[in-house]
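Chains, contacts and geometry: an overview
Next come the chains, spelled out residue by residue.
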Amino acid sequence: MPEASGWCRLLPAWLLLPSLVLMAVCSPHAATVAAGTACAPRCYCSEADEGKTVRCSHLRLTRVPTGIPNDTRRLYLDYNQLPSLPTDAFLGLPLLAELDLSHNELAVLEPGAFRGLAPSLKFLDLSSNRLATLNPEAFEGLTARSNLTGNPWHCDCALQSTLPQLDLEPVSLTGIVCHTADPAESGAKGQALLLTKELDLCVLLKKTTDVAMLVTMFGWFTMVISYLVYYVRANQEDARRHLEYLKSLPSRQGKSEESSTISTVV
Ligand SMILES: *[C@@H]1O[C@H](CO)[C@@H](O)[C@H](O)[C@H]1NC(C)=O
Ligand SMILES: *[C@@H]1O[C@H](CO)[C@@H](O)[C@H](O)[C@H]1NC(C)=O
């Protein structure tokens, strides 16, 4: 009987407990406090033997979130709406080994976008974005294996010279497909760039510039020649007129002499 009364006295507290738990779960601030570890807002952080994983997938993010823990080893930012990566986008993550940026809208990687990640980063997924060109300065020193498939690549001399500087996933062999190409008549459009070994876009570009140069030079040459011809013709005309003038001089001189004698006579 005394036990029952004890229960009864604690009853209000028992009723209160679920609502307290609910409050803690529903209020975002309370939730972070309850979790105990800092995590980027709306992202999901988990800890494993191999280090911290931060998942920020499918959040419609348009910029890299702040507050990513500095001991993160894996960062998932896939299926968001990131349009570009600014310089120093991932500063202060010295342990980051895997970075998934696939299925975003990335078209621009600013110089130094991955600065600070070079020593630790092992895998970089940039697949299924809107990359047409690669700025080599964005990758400065980076040795991570990169997945660059599923982008609308503009295959030109610059891209063909940048790709060998990167450590590419084997899938890139078939996955880097030219959406457009320069020079357009190279036939690279629709081809997997890394499989077209015999196609050297830089040599082709050089050839087309050489041809353009020749055409320009020929144009100038023609202009100079036509001007010379015109000049000579015009001078010939002048010279002929001058000659005729000279030829006509003696008779005119005679006439004027005549007139002068006439005037003196008069
Ligand atoms: C993360 O930041 C804390 C506090 O500034 C620091 O003590 C810790 O060494 C940092 N960890 C890493 C891996 O840089
Ligand atoms: C590279 O990206 C493509 C497209 O997102 C994906 O299907 C493929 O599994 C990725 N490869 C690796 C090795 O991650």
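Further up the page is the structure itself.
Throughout, residues of each chain are indexed from 1 in the direction in which the sequence is written. Chains and ligands are labelled by the order in which they are written, letters from A for the one and numbers from 1 for the other. The model is predicted, so local features are restricted to residues of pLDDT at least 70 and side-chain atom pairs to those at 80 or more, both for listing and for counting; the totals for chains, interfaces and linings are taken over all residues. Only hydrogens and water are set aside; all other atoms, that is, all heavy atoms of the structure, feed into the side-chain values.

1. Points about the overall build of the protein
- A tally of helices and strands in the protein yields five helices and 11 strands.
- Only protein chains enter the accessibility calculation, which uses a 1.4 Å probe. A residue is then buried if its area is under 20% of the maximum for its type, exposed if over 50%, and partly exposed in between. The 266 residues of the protein split such that 30% are buried.
- In this analysis, two residues are considered to be in contact whenever any of their non-hydrogen atoms come within 4.5 Å of each other. Taking the contacts inside the protein whose residues are at least 6 apart along the sequence as the reference set, 44% of them involve residues at least 24 apart.
- Method for areas: the Shrake-Rupley scheme with a 1.4 Å probe, in which residue coverage is limited to the protein chains shown. Summing over all exposed atoms, the protein offers an accessible surface of approximately 17200 Å²; the carbon and sulfur share of this is 64%. Under the scheme used here, helices are H or I runs from DSSP no shorter than 4 residues and strands are E runs no shorter than 2 residues, and both carry numbers assigned from the N terminus.

2. Overview of the side chain of S127
- Locating S127 in the fold gives a position in the loop between β7 (123-125) and β8 (145-147).
- Any pair of nitrogen or oxygen atoms within 3.5 Å is treated as a polar contact; in protein, a donor-acceptor pairing is required on top of that, and neighbouring residues in sequence qualify only through side-chain atoms on both sides. Here D125 takes part through its side chain, which lies 2.7 Å from a polar atom of the side chain of S127.
- In this structure S127 touches S102, H103, N147, T149 and N151, once residues within four positions along its chain are discounted.

3. Side note on the state of the cysteines
- Disulfide assignment relies on a single distance test, namely cysteine sulfur atoms paired within 2.5 Å. Inspection of every chain in the model, using the stated rule, returns four disulfides.
- Paired through a disulfide, C39 and C45 show a sulfur-sulfur distance of 1.9 Å. Its S-S torsion of about 85° marks the bond between C39 and C45 as right-handed, since a negative value means left-handed.
- Sulfur-sulfur distance for the disulfide between C43 and C56 comes to 2.1 Å.

4. Quick word on the site of ligand 1
- Near ligand 1, the surroundings consist of N70, P94 and L95.
- For ligand 1, an oxygen atom lies 2.3 Å from a polar atom in the side chain of N70.
- With the chains in place, 29% of the 360 Å² that ligand 1 exposes on its own is no longer accessible. In this text, near means that some heavy atom of the residue lies within 4 Å of the molecule or strand in question.

5. Some remarks on the environment of P94
- Along the chain, the position of P94 falls in the loop between β4 (84-85) and β5 (98-100).
- Residue contacts for P94: discarding those within four places in its chain leaves N70 and S120.

6. So, the sheet that holds strand β10 (residues 167-168)
- One requirement defines pairing of two strands: DSSP has to find at least two bridges between them. Overall, mixed pairing links the seven strands, which are arranged β1-β2-β3-β5-β7-β8-β10 in an open sheet. Looking along the sheet, the strands with just one partner apiece sit at the ends: β1 (44-48) and β10.
- The sheet contact formed by β5 and β7 spans three bridges and is parallel. Note that in β7 the partner of E98 across the bridge is F123.

7. With respect to the environment of C202
- When you line up the elements, C202 lands in helix α5 (residues 201-265).
- Put simply, C202 and L159 are 43 residues apart on the chain and 9.8 Å apart in space, counted from C-alpha to C-alpha.
- With sequence-adjacent residues up to four places away left out, C202 is seen in contact with C157, Q160 and S161.

8. Let's talk about the pairing of strand β3 (residues 72-76)
- Looking at chain direction, strand β2 (residues 51-55) and β3 are connected through four bridges and run parallel. Along β3, the bridge assignment pairs R55 with Y76.
- Pairing between β3 and β5: three bridges, direction parallel. In the sheet register, L75 faces β5, and the bridge partner there is L99.

9. Observations regarding the site of ligand 2
- Neighbouring ligand 2 are H103, F123, S127, S128, N147, T149, E169 and V171.
- Between ligand 2 and S127 there is a distance of 2.8 Å, counted from an oxygen atom to a side-chain nitrogen or oxygen.
- For ligand 2, an oxygen atom lies 3.3 Å from a polar atom in the side chain of T149.
- Considering ligand 2 on its own, with 360 Å² of exposed area, one finds that the protein chains cover 53% of that surface.
- Grouping the constituent residues of the shell around ligand 2 by class yields two nonpolar, five polar and one charged. In the scheme used here, Gly and all other residues not listed as nonpolar or charged are polar, with Ala, Val, Leu, Ile, Met, Phe, Trp, Tyr, Cys and Pro taken as nonpolar and Asp, Glu, Lys and Arg as charged.

10. A few points about unusual backbone geometry
- In this chain, D182 is followed by P183 through a cis amide linkage whose omega measures 0°.
- If you check the backbone angles, D88 has positive phi at about 60° while not being a glycine.
- Turning to its location among the elements, D88 is positioned in the loop between β4 and β5.
- The partly exposed category is assigned to D88, whose relative accessible area is 28%.

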